[in-house]
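Single-letter residue listing:
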Amino acid sequence: MRAVIYARVSSAAQRDRETIAAQLRDLPAFAERQGWTLVKLAETYVDDGRTAKAGHLDARTGLAALLRDAAAGDFDVVVVADVDRLTRADDMAERGFIFGALQRAKIKIASANSGAVSDPSTGEGDLLISLGGYFAAEWGRKHRSRIMAGKATAMARGRKPAGPTPYGLLYARATGVWSVD
């Protein structure tokens, strides 16, 4: 089977931890164990530091190239670390755009983490891919909710929430004192 790799991390912190390098090392090895032939360099479809949250498709040039080449019939299976590398969007239309493009092109999705190879043109594959996308989106919703709750708690206690300090202010963590910059 003709295979390609899609690697993505969503943040600069993940990029700095060499997560893309790990994917570019591990995913071709997975494809080789399956007996598949990589028809493009592993680095062809990469979105380094690109979020998979809804509304950010334009920034994902690696994914755009992958979907374009899928429609052209350049490969049979895309190998990812997990389905959430393709999308975590809580927008069903966006998830459908990505998974639908792969389904129309008759492209299978292989998850190296689980070992699953799903064919979106079959009922079982459609279900597994759809559930993977849903659970990735649900994880994102829960993660956002927890972050916001943590920030609200920090602010209620007079502490600085995670993230950048608001413009024009300084915060001394040792004393918990805010001041004007």
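Residues numbered from 1 in each chain as written. Predicted model: local features only at pLDDT ≥ 70, side-chain atom pairs only at ≥ 80, totals over all residues. Heavy atoms only, no water.

### A closer look at the side chain of Asp69
And step 1. The topology assignment puts Asp69 in helix H3 (residues 61-71).
And step 2. Not counting the four nearest positions on each side in its chain, Asp69 is found in contact with Lys40, Tyr45, Asp74 and Phe75. (Helix = DSSP H or I, 4+ residues; strand = E, 2+ residues; numbered from the N terminus. Contact = heavy atoms within 4.5 Å.)

### Brief notes about unusual backbone geometry
And step 1. The phi dihedral of Lys106 is positive, around 60°, even though this residue is not glycine.
And step 2. Looking at where Lys106 falls in the secondary structure, it is placed in the loop between helix H4 (92-104) and strand E5 (108-111).

### Focus on the nonpolar core
And step 1. Counting residues in each nonpolar core, the largest one holds 20 residues, and the members touching the most others are Tyr6, Leu66, Phe75, Val78, Leu86, Leu102 and Ile109.
And step 2. The biggest single contributor to this core is H3, with five residues.
And step 3. Counting residues in hydrophobic clusters, the runner-up holds 15 residues, among them Ala3, Val9, Ile20 and Leu24. (Core = buried A, V, L, I, M, F, W, Y, C linked by side-chain atoms within 4.5 Å. Buried < 20%, exposed > 50% of the residue type's maximum accessible area, 1.4 Å probe, protein only.)

### Quick word on the packing of aromatic side chains
And step 1. Throughout the structure, instances matching the rule amount to three aromatic pairs.
And step 2. Relative to Trp36, the ring of Phe30 has its centre 6.0 Å away and its plane inclined at 75°; by these criteria the two rings are edge-to-face. The same class applies to Phe30 and to Trp36, which are both buried.
And step 3. An angle of 55° between the planes, with centres 4.8 Å apart, marks the rings of Tyr171 and Trp178 as tilted.
And step 4. Overall, Tyr171 belongs to the buried group, its relative accessible area being 16%.
And step 5. Taking relative accessible area as the criterion, Trp178 reaches 33% and is therefore assigned partly exposed. (Phe/Tyr/Trp six-rings, centres within 6.5 Å; stacked < 30°, edge-to-face > 60°.)

### So, the packing of H3 against H4
And step 1. Remark: H3 packs on H4, axes separated minimally by 9 Å, with the N-to-C direction vectors making an angle of 30°. The pairing of H3 with H4 is recorded here as roughly parallel in orientation. For the element pair H3 and H4, the recorded crossing hand is left-handed. Here Leu63, Leu67 and Ala70 of H3 lie close against H4, whose contacting residues are Phe97, Ile98, Ala101 and Leu102. (Axes fitted to C-alpha atoms, helices over the stretch in contact; angles between N-to-C directions. Parallel < 35°, antiparallel > 145°, perpendicular 65-115°, else oblique. Left-handed = near helix turned anticlockwise from the far one by under 90°.)

### Quick notes on the pattern of salt bridges
And step 1. Applying the stated rule across the entire model yields seven salt bridges.
And step 2. The residue Asp84 makes a salt bridge to Arg85 at a minimum N-O spacing of 3.2 Å. Summarising the burial analysis for this pair, Asp84 and Arg85 share the class buried.
And step 3. Here the salt bridges share partners, and the residues they tie into one network are Lys40, Asp69 and Asp74. (Salt bridge = Lys/Arg side-chain N within 4 Å of Asp/Glu carboxyl O.)

This is a description of form; function is not addressed.
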